[in-house]
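# A look at the structure
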Amino acid sequence: MVKWWKGSTFYEIYMPSFKDSNGDGIGDFSGIISKLDYLKGLGVGGIWLTPFYPSPKVDNGYDISNYYAIDSDYGKMEDFELFIREAHKRDLRVIADLVLNHTSSEHPWFQQSKSSKDNPKRDWYIWRDKPNNWESFFGGTAWEYDKTTNQYYYHAFAKEQVDLNWANPEVKCAMFDVMKFWLEKGVDGFRLDVINFLKVNDLFSDNPYENGEQTHLFDKDQEGILSVISEIADFVHQYPDKFLVGEVGSEDLEILKQYSGLRMLDVVFNFNIGSIGEFDAKTLFQQLTATEDAYNKEQVPTLFFSSHDMSRHISRFGGDKGRAKLIATLMLMAKGVPFLYFGDEIGMRDWITDDISKMKDVQGIMGYQLALQAGKSHEEALLSANEKSRDKSRTPMQWNAQANVGFTDGKPWITIPKNANQVTVEEQLDNPASMLSFYKSLLKLRKKHVALQVGNYKLLRFKDGMIYFVRTNQAEKIVVALNFSEQAVSLKVEEGMKLLLSTKRTSFEGKNVLTVLANEAIILKGDISNDLIKEG
Ligand code: NOJ
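Each value, and the rule that gives it
Residues numbered from 1 in each chain as written. Predicted model: local features only at pLDDT ≥ 70, side-chain atom pairs only at ≥ 80, totals over all residues. Heavy atoms only, no water. Near = heavy atom within 4 Å. Polar contact = N/O pair within 3.5 Å; in protein donor to acceptor, adjacent residues only side chain to side chain. Areas by Shrake-Rupley, 256 points an atom, 1.4 Å probe, with all protein chains shown as cover. Nonpolar A, V, L, I, M, F, W, Y, C, P; charged D, E, K, R; others polar. Salt bridge = Lys/Arg side-chain N within 4 Å of Asp/Glu carboxyl O. Helix = DSSP H or I, 4+ residues; strand = E, 2+ residues; numbered from the N terminus. Buried < 20%, exposed > 50% of the residue type's maximum accessible area, 1.4 Å probe, protein only. Domains from an automatic or database assignment. Contact = heavy atoms within 4.5 Å. Buried area = accessible area lost by both parts, 1.4 Å probe. Pairing = 2+ DSSP bridges. Axes fitted to C-alpha atoms, helices over the stretch in contact; angles between N-to-C directions. Expected span 1.5 Å × (residues − 1).

### Re the site of the ligand
- Not every one of the 14 residues close to the ligand is listed here, only the nearest: Asp59, Asp193, His308, Asp309 and Arg390.
- Within the side chain of Asp59, a nitrogen or oxygen atom sits 2.5 Å from an oxygen atom of the ligand.
- Within the contact set of the ligand, an oxygen atom lies 3.0 Å away from a side-chain nitrogen or oxygen of Arg191.
- Contact with the protein chains removes 98% of the 290 Å² of surface that the ligand exposes when unbound.
- Residues that form the shell around the ligand fall into these classes: 4 nonpolar, 3 polar and 7 charged.

### Things to note about the pattern of salt bridges
- In this structure the tally under the stated criterion is 25 salt bridges.
- Residue Arg390 is joined to Asp59 by a salt bridge in which the shortest nitrogen-to-oxygen separation is 3.0 Å. Here Arg390 is found in the loop between helix H13 (378-388) and helix H14 (425-428), whereas its partner Asp59 is found in the loop between strand E2 (46-49) and helix H3 (77-89), with 331 residues between them in sequence. Note on accessibility: Arg390 and Asp59 belong to one class, buried.
- Taken together, the shared-partner salt bridges connect Asp59, Asp309, Asp361, Arg390 and Arg394 into one network.

### Some words on the domain arrangement of the protein
- The domain boundaries assigned to the protein delineate domain 1 (108-161), domain 2 (352-416) and domain 3 (455-535).
- On the domain 2 side, the residues contacting the 5 residues of domain 1 number 5 residues.
- Summing both partners gives a buried area of about 370 Å² for domain 1 against domain 2, and 72% of it is carried by carbon and sulfur.
- Applying the counting criterion to the domain 1 and domain 2 interface returns 0 residue pairs in polar contact (both at pLDDT 80 or more).
- Class assignment for the residues of the side of domain 1 that touches domain 2 results in 3 nonpolar, 2 polar and no charged.

### Observations concerning the sheet that holds strand E18 (residues 477-483)
- Taken together, 5 strands build an open sheet; the order of strands is E16-E17-E18-E22-E20 and the sheet is antiparallel. On the outer flanks of this sheet lie strand E16 (456-463) and strand E20 (498-502), each paired with one strand and no other. Averaged over all pairs of adjacent strands, the angle between strand axes in this sheet comes to 15°, irrespective of strand direction.
- In terms of strand pairing, strand E17 (residues 466-472) meets E18 through 7 bridges, oriented antiparallel. Paired with Tyr468 across the bridge in E18 is Ala481.

### What to know about the pairing of strand E21 (residues 513-516)
- The two faces of E21 differ: Leu514 and Val516 on one face are buried, but Val513 and Thr515 on the other face are not.
- In this structure, strand E19 (residues 489-492) lies alongside E21, joined through 4 bridges in antiparallel fashion. Note on E21: the bridge partner recorded for Val489 is Val516.

### Side note on the sheet that holds strand E3 (residues 93-98)
- Taken together, the 8 strands give an open sheet; going across it, the order is E13-E12-E9-E3-E2-E1-E15-E14, and neighbouring strands pair in parallel fashion. A single partner strand is all that each edge strand has here, and the edge strands are strand E13 (267-268) and strand E14 (302-303).
- Relative to strand E15 (residues 337-341), E14 is paired through 2 bridges, and the arrangement is parallel. Looking at the pairing, Leu303 lines up with Pro338 of E15.
- In the packing of H3 onto the sheet, contacts are made with E2 and E3, and the angle to E3 comes to roughly 140°.

### Looking at helix H5 (residues 169-184)
- Between its first and last C-alpha atoms H5 spans 23 Å; for 16 residues at 1.5 Å apiece the expected length is 22 Å, and the two agree.
- For H5, the set of buried residues is Val171, Ala174, Met175, Phe176, Val178, Met179, Trp182 and Leu183.
- Buried residues along H5 sit against H3, E3, helix H4 (108-115), strand E9 (189-192) and helix H6 (225-237).
- Immediately downstream of H5, the backbone of Gly186 shows phi near 110°, a positive value.

Put into structure tokens, the structure is as follows:
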């Protein structure tokens, strides 16, 4: 029996930006419920919700001030419960984003912790008389002075996101209670935020620098982290069929591979593949191969190219729709669990602002301030802020021509007149040539062919700018060729292969030479009893 998550594609919903139902300019649970049929029709199997708990939203919900409730922007607990029921009714699973590493500085735990040195919650956070040189991942020092007790507290992200002290067993117990609560509410698992950050170096050794940049050697992936993760995994997996995906903040496969597998997380995000900056087919191929080589047979990679933390791949990789389709094909046909970011299925693009007052993202705003402090001009600082800002991929889902392509007064849902380049669900829904229809076809194929869900690579190769692979299980053999180059590339294949999908043709004669056209993505089904692609 294939585990449900191996056969599923997850769809990431960035809470404020997916669908507003009450006209307050912010997405909510009732809005999501109204779009569940759309998601079912798209063909995804799971939904990943970014944090929906009460939060001052300094970092858009990744600063939780109450782990046991629903933020009023998104609805009430009843709306959440209804959402879970409606999703399950449609066979859609739901995973909740959970931030175990830090809380909001407004969380009562921290309010107590900071009130005095002998408060029982003092040791729930990380306090020191003197800061070391650790830098926050948003820039600047990771230590904030607190005058009440004349000490500094540690925050790996914004100063309003205070790191919990996981060396204290009470913290672990409190967080296990949180997980239990949401599992009993019916979530099918969690996306664990920056989960390799839970432990920091006991000696608080200074981090080294390389080419002027700090290397985060002592503030993540520290001793003891793997056993904590394994306890979390054992705890969650006591509940049948629950799934854990970890955000392990690293692109290093040697690190990533330690976190998933038996008695560990089910999967981790493969940033080594997903966060490739500039497009290069060879690098992509090398990362797919390296992952395949590094992982053991219990480990499955994840496949994604966009998220609420990065530029959308269509924009990042040059804006070309043909390339976006090749990437979509790779993401949904290669070996791994895909995570599709909302809006990518219609080809939504990045948003850049020329007005710093419109920027919402703390990382972008910090980038702007730090650049000014370093003596940069407003223009230069704005450039650097836009590079860092994650607002670019957080604009509202373009359901129709009235959808905003940016933010107005910090709210995603204020409507504006149609922008010429705007893509919309409405326009694409019944158009067989649209990006949306293409995604639907890919998702349908993935659902139909078990080899595409759990099949191994019988072969994974690169030739003249083309990535191609064969996936098989006992029953099926599927050949996928993705020609990222501007020239046709030929392959010898077995005779009689059947065309499943192509971005450039509607038939294939089944000859023993397959000439993959420039920029073509093609998927063929072969006979399992035959030999595979002939090399050459
Ligand atoms: C990773 C989340 O994806 C990101 O959005 C957030 O800023 C950091 N973790 C801190 O929680």
